[in-house]
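Listed here are the chains, written in short residue letters.
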Amino acid sequence: MQTGFVLNYLRETITEHKAGYLVLIDPDQVSVSDCIESAHQAEEAGTDALLLGGSFLTTDLQPVAETLKKETRIPIILFPGDAMHLSPHADAILYLSLISGRNANFLIGEQVKAAPRLQQYDIEPIPTGYMLIDSGRPTSVGFMSGTTPLPRDKFDLAWAHALAAEYLGMKLVYLEAGSGAEYPVPDQMIAAVKEHISIPVLLGGGITTPEIAAQKVEAGADFIVTGTAIENSRSLTLMKQFADAVHG
Ligand code: 1GP
């Protein structure tokens, strides 16, 4: 994989459309056959890329990644919970650093463990500042990382973290309310972050309807990630509605 290929593709996506739409496939939540069906639907619906992973996996993602790679043409981007969640069958990996927390293991430890295998696998690492935002209830990522989310009304804290990520050379910022979040990241927080940084903002957690997705794009999100809404419905129509709402 050529360095920067997927990152450039993501940048082009938001030049071409108002924003990009990413579908998260969590191998723990669905069977391999359902993963494949979701991937086919995602392609047909105009989804820009697939994210594969989750903060806590009991399932080996290797066979899923390998099958998805054969079955789809849109990029497969790993979304790891730790250094175990790697596969050579992806195009890229969100090389996450959990910058909202102060747990050194998720700031740099897991990244060091993953680096040698990533080099061997030759998949593109996309340095991403990952920020967990309070969403009204405890989340798996908060529990697994042992970190406290940023308060949802502290907009200055949020943009200062995102700006630090940009200054550290990260290429994306991911504002995460957590899978199945009660409340998604607030519009004002997205707008505050966007006002201060120039790298793209991914937004996920609790995006349950195309209307909410459109609202978050309007607030400034460059990419919308949905997981639970699609897992629950497995509806091509809903996926198309999300893609259309996000693409504007
Ligand atoms: C989780 O942001 C993703 O990491 C997706 O969240 O499952 O709530 O869509 P949902």
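Just so we're clear, the structure is a prediction, and the values are computed from it rather than from any experiment. (Residues numbered from 1 in each chain as written. Predicted model: local features only at pLDDT ≥ 70, side-chain atom pairs only at ≥ 80, totals over all residues. Heavy atoms only, no water.)

## What to know about the overall build of the chain
Phase 1: Within the chain one finds 10 helices and eight strands.
Phase 2: For 248 residues, the compact-globule formula gives about 18 Å, and the C-alpha radius of gyration of the chain, at 16 Å, lands near that figure.
Phase 3: Viewed in the frame of its principal axes, the chain has a C-alpha envelope of about 45 × 40 × 35 Å.
Phase 4: Summarising the internal contacts of the chain: among those between residues at least 6 apart in sequence, 74% fall at separations of at least 24.
Phase 5: Carbon and sulfur atoms form 53% of the exposed surface of the chain, whose accessible area is close to 10700 Å².
Phase 6: Averaging the locations of the 16 positively and 30 negatively charged side chains of the chain gives two centres separated by 3 Å. (Helix = DSSP H or I, 4+ residues; strand = E, 2+ residues; numbered from the N terminus. Rg over C-alpha atoms; globule rule 2.2 N^0.38 Å. Contact = heavy atoms within 4.5 Å. Areas by Shrake-Rupley, 256 points an atom, 1.4 Å probe, with all protein chains shown as cover. Lys, Arg positive; Asp, Glu negative; His and termini not counted. Charge placed at Lys NZ, Arg CZ, Asp CG, Glu CD.)

## Brief notes about the pairing of strand β2 (residues 49-53)
Phase 1: Taking burial as the measure, the five residues of β2 include five buried ones, the bulk of the element.
Phase 2: Side chains A49, L51 and G53 of β2 all project onto a buried face; the interleaved residues L50 and L52 project onto the opposite face, where all are buried too.
Phase 3: Pairing between strand β1 (residues 20-25) and β2: four bridges, direction parallel. Opposite L24, over in β2, you have L51 as the bridge partner.
Phase 4: A crossover links β1 with its parallel partner β2, the connecting element being helix α2 (residues 32-45), and its sense is right-handed.
Phase 5: Judged from the four bridges that link them, β2 and strand β3 (residues 76-79) form a sheet pairing that is parallel. The residue of β3 that forms the bridge with L50 is I76. (Buried < 20%, exposed > 50% of the residue type's maximum accessible area, 1.4 Å probe, protein only. Pairing = 2+ DSSP bridges. Right-handed = clockwise from strand over helix to strand, strands pointing away.)

## Describing the site of the ligand
Phase 1: Around the ligand sit 13 residues, and of these E176, S179, G180, G227 and T228 come closest.
Phase 2: Contact distances for the ligand include 2.4 Å between an oxygen atom and a side-chain N or O atom of E176.
Phase 3: One of the side-chain nitrogen or oxygen atoms of T228 is found 2.5 Å away from an oxygen atom of the ligand.
Phase 4: Coverage of the ligand by the protein chains reaches 96% of its 310 Å² of free accessible surface.
Phase 5: In terms of residue class, the shell around the ligand is built from three nonpolar, nine polar and one charged. (Near = heavy atom within 4 Å. Polar contact = N/O pair within 3.5 Å; in protein donor to acceptor, adjacent residues only side chain to side chain. Nonpolar A, V, L, I, M, F, W, Y, C, P; charged D, E, K, R; others polar.)

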